[in-house]
Amino acid sequence: MNNLTMGWRLARRELRGGVRGLRIVLACLALGVASIAAVGTLRSATDAGLRAEGARIVGGDLVIAAGVPVPQTALDWMAARGARLSSIVSMRSMAIAPNGERTMVDLKVADAAYPLYGSLTLDPPGPLGEGANNLPPVALDALAAQRLGLSPGDTVRLGEARFAYRGAVESEPDKGSGLAALAPRALVPMSALEATRLVQPGSLVTYETRVALPPEADPAAFAAELRAQPFADNGWRLRLASQGQPGVNRFLDQAASFLTLAGLTALLVGGIGVATGVRSWLDQRARTIATLRCIGAPAGAIFATYLFQVLALALLGVVMGLIAGYGLTWAAAWALADALPVPPRLGFYPLPLALAALYGLLTALAFALWPLGRARDIPGAALFRDTIQPSAAGRPRLGLILANAAAVAALIALVVASAERPVFALSFCGAALGTLALFRVAAAGLQAVARRLPSRRRPWLRLGLANLHRPGAPTALMLVSLGIGLTTLAAIALIQGNIRQQITESLPDTAPSFFFIDIQSDQAAEFDRLARGLPGVTEVRRVPSLRARIVAVNGVPAEQVQATEDTRWALRGDRGLTYAATPPEGTRLTAGQWWPVDYEGDPLVSFDANLAQGWGIGIGSTITVNVLGRDIDLRVTSLRDISWRGLGINFTMVASPGLLAAAPHTNIATVRNDPRQDGTVLRAITDTFPNVTGIRVRDALDAFAALLGRVGTALSSTAAVTLLSGLLVLAGAVAAGQRRRIRDAVVLKTVGATRAQIRRAWLVEFGLLGLVAGLVAAAAGTAASWGVARFVMRTDWAFLPGTLAATILICVAITLAMGYAGTALALRAKAAPLLRNE
């Protein structure tokens with residue numbers, strides 16, 4: 001009989017006795033696998049929904065977006081090939097109620113063919129139709145209507161036109177997730193656009209042509225053929241329904257990546273629980289293993305016996321996790337229904353489930369091989385001694401160490417290969433290993449300090465310190481298991497706190513009160529005079545503004561530029577562009593020099609230094625931008641360090657005057673005033689200039705803070721899963737050492753120790769464990785939050801002592817609660833049965 005056969009037979013016999021002692025292994029694996037399976041399944045279900053509803057989400061099988069209307073020749077060409085077309089015009093505007101109340105709205109002007117896919121639902125029900133009192137209709141987001149105090153039939157002013165309020169927009173087929181919405185929706189018919197006089201030369205307007213193709217047409221081939229036509233414009237942005245909303249897809253990818261890594265953190269902590277549970281379980285079987293070794297059982301057979309049992313339990317835990325994760329997907333889809341762009345198509349998706357199962361099995365193998373190797377290589381006599389004095393010779397042989405390292409390497413490779421951002425995933429793996437090592441070093445340091453402290457007269461204090469460094473003390477295990485979860489929680493809390501403090505609580509002193517956009521050139525002088533003359537106004541700044549789309553960098557098309565992940569955003573969509581003869585106030589050049597005041601040569605540009613570094617360009621590089629359908633080459637002559645935190649007027653590109661000054665454009669202005677005069681300033685400017693839109697900075701920040709709060713809740717929930725895993729491991733560690741604690745309590749009570757002394761000794765032990773774990777978690781969480789803020793989010797970072805103090809207090813409270821529970825159970829044990837057995 002070979003070792004595998006013998007091991008399998010022995011494993012089956014032992015498994016008949018149940019899984020008592022390995023429940024912590026089941027719970028830890030199930031929790032980690034469930035979180036990963038839920039995230040993966042929900043992402044796949046959302047992807048399926050996006051693919052099925054792609055045409056509805058983007059508004060057509062193909063969408064052409066540009067800063068100017070698509071020419072009639074292009075429309076005729078598409079219509080001749082059986083396409084149905086719908087035109088949409090989007091812009092920002094001010095909606096003004098009869099009572100003078102006003103709010104910024106995201107205005108959509110739609111033609112009669114809208115929507116090509118899906119349906120628009122209003123309250124009261126029915127089509128947009130005709131307005132009351134011979135006025136065109138307008139439908140508003142319910143929040144905007146409530147803010148303006150409107151009822152159906154009331155008059156609303158948009159630009160220079162008046163509309164009759166039709167009702168609230170309940171559902172909009174092409175709204176997407178609304179992740180980037182800065183204002184509520186307003187919907188009006190195309191026939192009313194001209195009367196608003198909102199569209200002026202250079203206005204911030206987006207023109208979209210939605211295309212519904214015949215069923216037999218291939219959208220990708222149709223788009224390629226369209227691109228090849230002589231009337232095609234480089235300024236067009238073509239989006240296929242299969243691509244969905246790019247912003248939505250990126251958000252979902254990043255969210256899924258983060259949540260998966262959070263699940264992996266929980267699984268990592270669960271892996272520690274696997275190692276703890278396996279070691280405790282093997283300790284309980286020490287006599288059985290020793291007996292088998294003494295009667296001649298080969299070491300390989302013993303190793304196979306317990307490896308088969310661990311793998312069987314791991315499979316059971318993985319299955320439990322998959323079932324729980326699949327169930328959580330339905331709950332998460334219901335809870336996130338308002339945040340997701342489409343209803344997820346819930347069903348069976350084998351790939352994310354298989355990936356979660358593989359994660360679980362590799363984690364179980366990586367953390368179980370080391371304690372299993374100890375059972376294989378230590379002789380029977382040593383295992384008998386281990387019941388009283390654990391053996392120091394616990395390192396497995398080289399072959400098993402290499403197998404363990406291979407399992408860890410495979411787990412890391414799986415994390416990196418399956419991640420949306422491999423570099424970030426690899427950094428996560430390195431940070432996880434570093435954090436584990438940090439807590440292990442902290443445990444060694446705590447034990448060394450406890451060992452070297454001078455003896456105290458108080459026996460309970462001496463006993464509590466000795467418990468930290470005695471042979472077999474679970475100091476390292478408890479620090480690691482609790483510390484990893486608290487580190488994650490502290491890091492997320494600090495990141496949230498920093499963003500909230502910088503965006504909402506610490507509004508920069510230099511931040512303006514308002515942004516005003518779409519100021520026409522012939523209105524600029526009057527705007528300055530009016531704004532400066534308003535009560536409470538202390539500063540008015542105005543600069544020219546054009547919309548430009550970067551189409552090439554050094555001759556390379558924008559979509560092919562090798563940009564870093566954090567700078568790729570600037571290559572998508574339109575960018576703001578201004579021009580200036582002299583450096584704007586506060587300009588900090590990092591390279592190159594500004595052009596002369598009287599420069600009249602080829603167009604030059606001063607560019608954002610951070611973007612230049614991310615794109616690998618510098619002085620002398622050429623950036624090609626499309627302005628109003630015309631491609632213009634801009635040569636980089638200087639790089640600027642831009643501080644976005646001040647919330648003033650900043651542009652990634654500042655060009656030289658000349659060619660751009662002659663192009664149709666508008667102006668953008670900032671106004672700083674006494675907050676008590678906000679209503680007066682907004683009312684005066686928008687009444688005088690109906691085409692101008694005012695954006696109150698505080699309102700925009702409040703909207704961002706609300707979004708941040710929703711995102712923060714999701715992040716905190718993922719951190720809570722990791723902390724729950726840590727609590728499971730901590731409970732397992734306390735349970736694993738409970739037999740020793742009962743024996744110690746009995747012996748101490750027999751020799752005269754009081755219950756109060758024993759209780760104080762263990763509270764000293766667990767209190768110091770919690771304090772050190774909290775301090776290290778606070779330090780690690782601080783470092784992690786600083787790294788994310790500086791290198792991922794590219795923002796300033798502030799130290800938040802209150803958050804860290806709360807982390808430390810939580811850690812101490814948890815460990816003291818666990819320690820008190822274990823101590824209370826040990827003190828209840830009767831002395832006589834234990835002493836008779838000994």
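Residues numbered from 1 in each chain as written. Predicted model: local features only at pLDDT ≥ 70, side-chain atom pairs only at ≥ 80, totals over all residues. Heavy atoms only, no water.

A. Quick peek at the overall build of the chain. Check the secondary structure of the chain and you find 24 helices and 21 strands. Within the chain, the fraction of its 838 residues that count as buried is 49%. If you take every contact in the chain between residues at least 6 apart in sequence, the share linking residues at least 24 apart comes to 83%. Surface summary for the chain: the accessible area is close to 37,800 Å², and the carbon and sulfur share equals 59%. (Helix = DSSP H or I, 4+ residues; strand = E, 2+ residues; numbered from the N terminus. Buried < 20%, exposed > 50% of the residue type's maximum accessible area, 1.4 Å probe, protein only. Contact = heavy atoms within 4.5 Å. Areas by Shrake-Rupley, 256 points an atom, 1.4 Å probe, with all protein chains shown as cover.)

B. Spatial organisation of the confidence of the model for the chain. Taken as a whole, the chain shows an average pLDDT of 79; of its residues, 82% reach a score of 70 or greater. Confidence drops under pLDDT 50 across residues 387–393; counting only partners more than four residues distant or on other chains, this segment forms 9 contacts. (pLDDT = per-residue confidence, 0-100.)

C. Quick look at a positive patch on the surface. Residues R9, R12, R13 and R16 make up a contiguous surface patch of positive charge. With respect to the helices and strands, the residue R16 is situated in the loop between α1 (3–15) and α2 (23–52). What makes R16 exposed here is its relative accessible area of 66%. (Patch = residues over 30% accessible without salt bridge, like charges linked within 9 Å, V, L, I, M, F, W, Y side chains within 5 Å. Salt bridge = Lys/Arg side-chain N within 4 Å of Asp/Glu carboxyl O. Lys, Arg positive; Asp, Glu negative; His and termini not counted. Charge placed at Lys NZ, Arg CZ, Asp CG, Glu CD.)

D. Structural context of the environment of I623. Tracing the sequence through the fold places I623 in strand β17 (residues 622–627). Using a relative accessible area of 0% as the deciding quantity, one classes I623 as buried. For the pair I623 and I550, spaced 73 residues apart in sequence, the C-alpha separation works out to 7.1 Å. Among all residues touching I623, those that are not within four sequence positions of it are I550, A552, F607, I617, I632, D633, L634, V636 and M653.

E. Quick peek at the side chain of T329. If you trace the backbone, T329 turns up in helix α10 (residues 299–335). Within the local environment of T329, its side chain forms a polar contact with the backbone oxygen of G325, the two atoms lying 2.9 Å apart. The contacts of T329, once residues within four sequence positions are left out, are A37, A38, T41, L42 and L346. (Polar contact = N/O pair within 3.5 Å; in protein donor to acceptor, adjacent residues only side chain to side chain.)

F. Summary view of empty space enclosed by the protein. Tallying each qualifying case throughout the model produces 3 cavities of 30 Å³ or more. Here the second largest cavity defines a volume of roughly 40 Å³. Tallied by class, the residues present in the lining of the second largest cavity amount to 5 nonpolar, 2 polar and 3 charged. (1 Å grid on protein atoms, 1.4 Å probe; cavity = no way out; pocket = protein on both sides within 12 Å on 5 of 7 lines; lining within 4 Å. Points joined across faces, edges and corners; volume = space filled by probe spheres on them. Nonpolar A, V, L, I, M, F, W, Y, C, P; charged D, E, K, R; others polar.)

G. Quick peek at the nonpolar core. Counting residues in hydrophobic clusters, the biggest one holds 70 residues, and the most contacted among them are V278, L322, Y359 and L372. Broken down by element, this core gets its largest block of residues, 11 residues, from helix α11 (residues 350–377). Counting 29 residues, the second-largest nonpolar core is a separate cluster that includes A612, I623, L634 and L639. (Core = buried A, V, L, I, M, F, W, Y, C linked by side-chain atoms within 4.5 Å.)

H. Region of interest: the pattern of salt bridges. For the structure shown, the criterion picks out 18 salt bridges. Of the charged contacts in the structure, one is a salt bridge between E160 and R197, with a shortest N-O distance of 3.6 Å. Highlighted residues: E160 in the loop between β6 (155–158) and β7 (161–171) and R197 in the loop between α6 (193–196) and β9 (206–212), separated in sequence by 37 residues. Using a relative accessible area of 44% as the deciding quantity, one classes R197 as partly exposed.

I. Seen up close, the pairing of strand β20 (residues 666–673). Burial within β20 is extensive, with 7 of its 8 residues counted as buried. For strand β11 (residues 514–520) and β20, the ladder comprises 5 bridges, and the chain directions are antiparallel. Counted as the bridge partner of I519 is N667 from β20. Pairing geometry for strand β12 (residues 537–553) and β20, over 8 bridges, is antiparallel. Bridge pairing in β20 links V540 to V671. (Pairing = 2+ DSSP bridges.)

J. View of the packing of aromatic side chains. This model, assessed by the stated rule, comprises 8 aromatic pairs. For the pair F527 and F689, a centre-to-centre distance of 6.1 Å together with 45° between the ring planes defines the contact as tilted. Placement of F527 in helix α17 (residues 524–533) and of F689 in the loop between α19 (678–688) and β21 (693–696) is noted, with a sequence separation of 162 residues between them. For F527, a relative accessible area of 0% puts it in the buried group. Judged by its relative accessible area of 5%, F689 is buried. What links up through ring pairs into an aromatic cluster is the set F514, F516, F527 and F689. (Phe/Tyr/Trp six-rings, centres within 6.5 Å; stacked < 30°, edge-to-face > 60°.)

K. The arrangement of the packing of α17 against α19 in detail. At a minimum axis distance of 10 Å, the contact between α17 and α19 shows a crossing angle of 155°. What the angle tells us is that α17 and α19 run roughly antiparallel. In this structure, the crossing between α17 and α19 has a hand that is right-handed. Listed contacts from α19 to F527, L530 and A531 of α17 are A684, I685 and T688. (Axes fitted to C-alpha atoms, helices over the stretch in contact; angles between N-to-C directions. Parallel < 35°, antiparallel > 145°, perpendicular 65-115°, else oblique. Left-handed = near helix turned anticlockwise from the far one by under 90°.)

L. Structural detail: the side chain of Q523. Tracing the backbone shows Q523 in the loop between β11 and α17. A distance of 2.9 Å separates a polar atom in the side chain of Q523 from a polar atom in the side chain of N691. Setting aside residues up to four positions removed in sequence, Q523 forms contacts with D518, F689, N691 and V692.

M. Seen up close, α17. For α17, the full list of buried residues reads A524, F527, D528, L530 and A531. In this fold, the buried residues of α17 make contact with β11, β12, β20 and α19.

N. Inspection of the pairing of strand β16 (residues 604–608) at higher detail. The buried fraction of β16 is high, at 5 of 5 residues. Pairing between β16 and strand β18 (residues 630–640): 5 bridges, direction parallel. Its bridge partner being in β18, V605 is matched across the sheet by V636.

O. View of the environment of I36. Along the chain, the position of I36 falls in helix α2. Residues I36 and A356, spaced 320 residues apart in sequence, show a C-alpha to C-alpha distance of 5.7 Å.

P. Seen up close, the packing of helix α13 (residues 398–417) against helix α14 (residues 422–452). With their axes 8 Å apart at the nearest point, α13 and α14 run at an angle of 145° to one another. For the pair formed by α13 and α14, the contact residues are I412, V415 and V416 on the first element and P422, A425, L426, C429 and L433 on the second. When the residues that make up the contact of α13 with α14 are grouped by side-chain class, the tally is 8 nonpolar, no polar and no charged.

Q. Spatial organisation of unusual backbone geometry. Y114 connects to P115 through a cis peptide bond whose omega is -5°. When you line up the elements, P115 lands in the loop between β3 (102–110) and β4 (121–123). For the bond running from D123 to P124, omega is 5°, close enough to zero to count as cis. Checked against the element boundaries, P124 lands in the loop between β4 and β5 (137–140). Even without being a glycine, R197 presents a positive backbone phi close to 55°.

R. Seen up close, the environment of T103. In this structure, T103 sits in strand β3. In sequence terms T103 and R696 are 593 residues apart; their C-alpha atoms lie 9.5 Å from each other. Here the side chain of T103 touches R147 through a polar contact of 2.8 Å, side chain to side chain.

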